[in-house]
Amino acid sequence: MKKILSIVLLLAICAVSCVGLASCGNKTDFTIGICQLMEHDSLDQATNGFVDALKAALEAEGKTVEFDIQVPGEADLCTTVVNAFVAKDVDLIMANATPALLAASGATNTIPVLGTSVTDYKDTFSNNIPANVTGTSDAVPFEEQAQMMIDSLKLVAGDKVGVIYCSNESNSAIQYNAVKALFEEKGIVVEAYTFSETTELQAITTSAAEACKAIYVPSDNTVAQNDDVVDTICKAKNVPVFTSYGGDICYASLAIDYYELGKKTGEMAAEILLGKKTVADFEVATLTPTVQYNKERCAALGITVPEN
């Protein structure tokens, strides 16, 4: 009887051991921390593209991946998110938007950090990009953006363009300064309408729409998240809106595809994780933007959409 019990116990131990080994065999190969500043279509699309591309690339090599996606909603909370990723010892951090990238680069100098939806990496890091940081940029040619507005609206010297952006976003200030210089070369007046809290956006937009012939919105995450406010006010006053990120509110835009931007970032991440390349092997990548016109809105203001 004792011998039978011993055999049963031994079999039970073996069964438990086998389950444990099976669990170990199913262990995820890579864990990725994703810090997306806030929810809006452009950032959402970039994250989706990243996840899809990275997952496909790793699965093609027989590897598994787990994503820890966090959306802090505010720049100040990005640090808490990325510190948790570092404590968790993730294999790579994807930082979606400039505040997320700054937080991630400040939290670790060993874990690879890939940014996306970031306009200017050199300016963000004062020309000293950390060795563990690379990624993709959503920058588009400012000269072409400005010229598109000038041509579409037949702007002339003395006309005024308002630029609406959140003063807490360094990305937006870079874009404002770029288009300001370009417009002013043509004698067109440019004025910044900035805000720090979303509760101020309605009043700021109203002032801009009353004073300006057109509104330009850079790749500003806070405006993009609340651009229905800008749309309602500007449409009521028949003031055209041009954006750097596309979106439904604009009459025309010169913008990149954020899903494709995320995909490019995911492809870079896969090569790093699989040991095919290192962070240092990658220059910050950009995509070719496309011009898009909203024909219905252009028709309402008599803006002629180019045939090509």
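In this text, all values refer to a predicted model and were calculated from it rather than measured experimentally. (Residues numbered from 1 in each chain as written. Predicted model: local features only at pLDDT ≥ 70, side-chain atom pairs only at ≥ 80, totals over all residues. Heavy atoms only, no water.)

**Q** I'm lost on the packing of helix H3 (residues 75–88) against helix H4 (residues 98–107) in this one. Help?
**A** In a packed pair of helices, the relevant descriptors are the angle between the two axes and the axis-to-axis distance. At their nearest, the axes of H3 and H4 sit 8 Å apart, and the two run at 40 degrees to each other. Comparing the axis directions of H3 and H4 gives the class oblique. Two packed elements cross with a definite hand, and for H3 against H4 that hand is right-handed. Only Pro99, Ala100, Ala103, Ala104 and Ala107 of H4 make contact with H3, whose side of the interface consists of Ala75, Cys78, Thr79, Val82, Asn83 and Val86. Taken together, the residues of the contact of H3 with H4 sort by class into nine nonpolar, two polar and no charged. (Axes fitted to C-alpha atoms, helices over the stretch in contact; angles between N-to-C directions. Helix = DSSP H or I, 4+ residues; strand = E, 2+ residues; numbered from the N terminus. Parallel < 35°, antiparallel > 145°, perpendicular 65-115°, else oblique. Left-handed = near helix turned anticlockwise from the far one by under 90°. Contact = heavy atoms within 4.5 Å. Nonpolar A, V, L, I, M, F, W, Y, C, P; charged D, E, K, R; others polar.)

**Q** Just checking my understanding: could you explain the side chain of Thr222 for this structure?
**A** Topologically, Thr222 is positioned in helix H9 (residues 221–225). The exposure class assigned to Thr222 is buried, which follows from its relative accessible area of 10%. A polar contact of 2.7 Å, which involves the side chain of Thr222, links it to the side chain of Glu169. (Buried < 20%, exposed > 50% of the residue type's maximum accessible area, 1.4 Å probe, protein only. Polar contact = N/O pair within 3.5 Å; in protein donor to acceptor, adjacent residues only side chain to side chain.)

**Q** Explain the packing of helix H2 (residues 41–60) against helix H11 (residues 258–273) here, please?
**A** Here H2 crosses H11 at 35 degrees, and the two axes come no closer than 6 Å. By crossing handedness, the relation of H2 to H11 is classed as right-handed. Within the contact between the two elements, H2 uses Ser42, Gln45, Ala46, Asn48, Gly49, Phe50, Asp52, Ala53, Leu54, Ala57 and Leu58 and H11 uses Tyr258, Tyr259, Gly262, Lys263, Thr265, Gly266, Glu267, Ala269, Ala270 and Leu273. Partitioning the contact of H2 with H11 into residue classes produces 11 nonpolar, seven polar and three charged.

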